[in-house]
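What the coordinates show
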Amino acid sequence: MDRIGSLLSRLDEDQRRAVTHGEGPLLVVAGAGSGKTRVLTYRIAWLLAAGRVRSHQIMAVTFTNKAAHEMRERVEALLGQPLCGGFVGTFHRFALQLLRRHPREAGLPERFSIADEDEQRKLLESVYKRLSLSTERLPVRQARSRISAAKNALQAPGAWPGIPLLADLYAAYEEALRAAGAVDFDDMLLLSVRLLEQHEDIRKALASRFSWMLVDEYQDTNAAQAQLLWLLGGRHPNLTAVGDEDQSIYRWRGADVANILDFRHTYPDASEVILGRNYRSVEPILAAAAGGIGCNRRRRAKHLTSHAGPGDLVIVFQAADEIDEARFVAEGIEQARRDGAAGIAVLYRTNAQSRPFEAELVRRAVPYRVVGGARFWERAEVKDALAYLRLLANPHDALAFRRAVGVPSRGIGAVALEHVEEAALASGLSLPAAARTLPPTLTSRARLSFQGFFALLDELVLIATQATPEKVVRELLERSGLAAQYVSSDEEDRVRRDNQDQLVAAAAEAAERGLDLSGFLDEVALLTDADARVSPDAVQLSTLHAAKGLEFDTVFLVGMDDGLLPLRREGSDADDEEEERRLAYVGMTRARRRLHLTCARQRRVNGQLLGGRPSPFLFEVPPEALDDRSSPLRRSPDAEPASSRRRAYRGRSEPRSPLPSPLSSGREGDSRSSQPGPPRPGSASAWRPGLKVRHPTFGTGVVLQVQGGGAQTRLVVYFDRFGRKTLIPALANLQPV
DNA sequence: GCTTGCGGTATTTTT
DNA sequence: TACCGCAAGC
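Description of the structure in this document. (Residues numbered from 1 in each chain as written. Chains lettered and ligands numbered in written order. Predicted model: local features only at pLDDT ≥ 70, side-chain atom pairs only at ≥ 80, totals over all residues. Heavy atoms only, no water.)

**Concerning the overall build of chain A**
What chain A contains, in helices and strands, is 29 helices and 24 strands. Counting over 737 residues, chain A shows a buried share of 53%. (Helix = DSSP H or I, 4+ residues; strand = E, 2+ residues; numbered from the N terminus. Buried < 20%, exposed > 50% of the residue type's maximum accessible area, 1.4 Å probe, protein only.)

Below, the structure written as structure tokens:
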């Protein structure tokens, strides 16, 4: 009882209410910095300590492996003992375990592999070819994400409303995927749902086993995940869902805010606790964040009160360009380091934005870490080796076979593989099995190559049965010739060798934890870069997405340019804009003590010059929370006077509706209408991709690209009726619409 | 049949 | 700016 008492004494009133909730569904709406993780971990600890629940009954689900590890650690620390039985992990891990346990019932082979995104694309490409479809109507990438979205929404190929092309693609892709002996990422959830729907015995067994479910980041659940929970818990589940619709940033991956907004509709007897005290950010930061997110409409009207005390204003800075921005940020970082800030982060919308900051930090010898930059598990040399491993674990893995057989190059090319493919189709064998039969259509050279390859594989299989995983990987690298590919002393090869060594180490480490080969591979497939450990004194460079759930003393939210932070591409709609605003909100609320918001007057994005207008989100921040540091000294020569820029921030926000309520919907209109008048010919910054324009001859169109700057600016415009044209706005009479 | 070089195109976010 | 696909040489 002492333990319980001391647990509860560390909580505020609302937190305590959530933690000590009894049976039945509970929704905890946890605003940023309100102690969400604390509630979740304390609740688990409380349920166990109070003797209400046994640990093997608990299923705690998070979105990242890292969050899962943390949760487990924290609960164990609270309890003072390890958490046994039960499940703590991601949705995908849960689903994969389920499928591994019941492959036949899920309609899968005993051993199946997991296709990554690359492989999905390759598979789709082959499907395109087989159906003799052109990628012009639908690029492969798009098709992939449409299919992914369908799966996350639990739609079967046949159920596709009225788009035969996609439905065919989807169906053929499924066929190819299964023929390759693989499932993709989305299948884990989809097939698990189907499995539970079709096998009542399995569903019942699971449901009674995991009778206490806790879900973190509930706002990011998609239809498949929600359905999974529903199947396990039924109408009156002991389900604790914790989330915040304001931090829902995975719509593009199928996440549906409706899951959290309509929670009480799904579970009518659900209790609801709103955690409204923010313990993280000082007042101006919270005010800035609240001002922005208040403009969203799809949310509960709620507000966070600051319990972190007063603090410095939010610093705003408009740089001349991205180099200048990086310089400003680096100076700020050095200052923060001198001040002893615990945790500094630079957050941006897209990965590509990290470069200038890296360059500047390298120059100043400031240690930093890029999250999600060069992803270890996506490196070619790592994937090559993994392909071999996959073949050892699953000899019928067609995708791994395709990859492995070609590296290092053995004289087996597209043609030879095509012959094998035909043989496989004719015989019903898997691709690797068909290759083993050495189809007569192969040239004798190819035949020899295949023989050599399979001899190698057999050797390795033999080793795998007797040696440690570490040894297997090492032998594999040596005997296959993968290691020999990178022997030179240049940096590139050195890095690749290094990565291969790291893979050996990873295998050894997995073995220590008792994982076998296929367990290791599963883990690798589920692993992401976000799971890497954080070194505390290094500055963290990260996308906004990857920063969710973290906090830092000092945060630089950079690239707040119109079109970049509300990232706008063709087809972006109002819901997308709201999601972008949530991203900005997530970024701002990562900061404990100091927040900096920066934008640039011009910016090179992919070698192209972009934009020039500050993000509309900057104008949504209450001016009294801001401290504009844009210095006249830093301005490029053609910049407007500082005073007018200052007015741009302060003045622009004045005509805002005084209503603080989310109902003041004039907002979007506001940000649009606050655009400056027609772009002047020659002012590069006024033109940006996505801008709708009218030309006296070509009619209306949309700007695709902005090239060059000043009077040399050229625009690539796509006209509705005339297609793609390159124009010089200084000469062409082009008007924004 | 494989490697090399060129030109065109494209990038949001990730379990 | 970086990658990929495609075409021509070996």
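**Things to note about the pattern of salt bridges**
Counted under the stated rule, the structure contains 56 salt bridges. In this structure, the salt-bridge partner of Arg 390 is Glu 119, at a minimum N-O distance of 3.0 Å. Of this pair, Arg 390 sits in helix α17 (residues 380-393) while Glu 119 sits in helix α6 (residues 117-130); the two residues are 271 residues apart in sequence, bridging distant segments of the chain. Arg 390 sits in the buried class, given a relative accessible area of 14%. When the shortest N-O distance is used, the salt bridge between Glu 421 and Arg 402 registers 2.3 Å. (Salt bridge = Lys/Arg side-chain N within 4 Å of Asp/Glu carboxyl O.)

**Thoughts on the sheet that holds strand β16 (residues 591-600)**
One open sheet holds the seven strands; their spatial order is β13-β14-β12-β15-β16-β11-β19, and the pairing between them is parallel. At either margin of the open sheet sits one strand with a lone partner, and together these are β13 (368-370) and β19 (626-628). On average, adjacent strands in this sheet sit at an angle of 20 degrees to one another, irrespective of strand direction. Its contacts with the sheet place helix α14 (residues 283-293) against β11 (314-319) and β16, and it is angled at close to 50 degrees to β16. (Pairing = 2+ DSSP bridges. Axes fitted to C-alpha atoms, helices over the stretch in contact; angles between N-to-C directions. Contact = heavy atoms within 4.5 Å.)

**Focus on helix α26 (residues 574-588)**
The terminal C-alpha atoms of α26 lie 21 Å apart, and with 15 residues this matches the ideal 21 Å at 1.5 Å per residue to within 8%. For α26, the tally of buried residues reaches 12 of 15 residues, placing the bulk of the element in the interior. Every buried residue of α26 is accounted for by Glu 577, Glu 578, Glu 579, Glu 580, Arg 581, Arg 582, Leu 583, Ala 584, Tyr 585, Val 586, Gly 587 and Met 588. Where α26 is buried, its residues contact α14, β12 (344-348), α25 (544-547), β15 (552-557), β16 and α27 (616-620). (Expected span 1.5 Å × (residues − 1).)

**Here's the deal with the environment of Leu 40**
Relative to the assigned elements, Leu 40 resides in helix α3 (residues 36-49). Leu 40 sits in the buried class, given a relative accessible area of 1%. Apart from the residues lying within four places of it in its own chain, the contact partners of Leu 40 are Met 71, Leu 214, Asp 216 and Val 242.

**Some thoughts on the packing of aromatic side chains**
Under the criterion given, the structure shown has 14 aromatic pairs. Measuring from centroid to centroid gives 5.5 Å for Tyr 250 and Trp 252, while their planes differ by 50 degrees, and the two rings are tilted. In this structure Trp 252 comes out as exposed when scored by relative accessible area, which is 56%. Both rings, one in Phe 401 and one in Phe 453, keep their centres 5.9 Å apart while their planes meet at 65 degrees; by these two values the pair is edge-to-face. In this pair, Phe 401 is assigned in helix α18 (residues 398-406) and Phe 453 in helix α21 (residues 444-466), connecting sequence segments 52 residues apart. (Phe/Tyr/Trp six-rings, centres within 6.5 Å; stacked < 30°, edge-to-face > 60°.)

**Topic: the packing of helix α7 (residues 140-152) against helix α9 (residues 185-198)**
α9 packs onto α7 with a crossing angle of 25 degrees between their chain directions and a minimal axis gap of 9 Å. Taken together, the axis directions place α7 and α9 in an arrangement best described as roughly parallel. In the crossing of α7 with α9, the sense of the turn from one axis to the other is left-handed. Along its contact with α7, which presents Ser 148, Lys 151 and Asn 152, the element α9 presents Asp 186, Asp 187, Leu 189 and Leu 190. Of the residues that constitute the contact of α7 with α9, the class distribution is two nonpolar, two polar and three charged. (Parallel < 35°, antiparallel > 145°, perpendicular 65-115°, else oblique. Left-handed = near helix turned anticlockwise from the far one by under 90°. Nonpolar A, V, L, I, M, F, W, Y, C, P; charged D, E, K, R; others polar.)

**Comments concerning the sheet that holds strand β7 (residues 238-243)**
Spatial ordering of the open sheet is given by β3-β2-β6-β7-β1-β8, a layout of six strands whose pairing is parallel. Sheet topology places β3 (87-90) and β8 (271-275) at the edges, where each strand pairs with a single neighbour. Each strand of the sheet is rotated relative to its neighbour by a mean of 15 degrees, with strand direction disregarded. Taken strand by strand, helix α4 (residues 65-79) contacts β2 (58-62) and β3, and its axis lies near 155 degrees from that of β3.

**Structural notes on the pairing of β3**
Pairing of β2 with β3, which is carried by four bridges, proceeds in the parallel orientation. When the sheet's bridge partners are listed, Met 59 is paired in β3 with Phe 87.

**As for the nonpolar core**
Membership of the largest hydrophobic core comes to 112 residues, with the highest contact counts inside it found for Tyr 388, Leu 389, Phe 401, Phe 450 and Phe 453. Per-element tally for this core: the top contributor is α17, with nine residues. Apart from residues lying up to four places away in sequence, Leu 389 is in contact with Val 472, Val 473, Leu 476, Leu 517, Phe 520 and Leu 521. Formed by 34 residues, the second largest nonpolar core is a distinct cluster that contains Tyr 250, Ile 293, Val 316 and Ala 345. (Core = buried A, V, L, I, M, F, W, Y, C linked by side-chain atoms within 4.5 Å.)

Any functional reading would require information beyond the geometric quantities listed.
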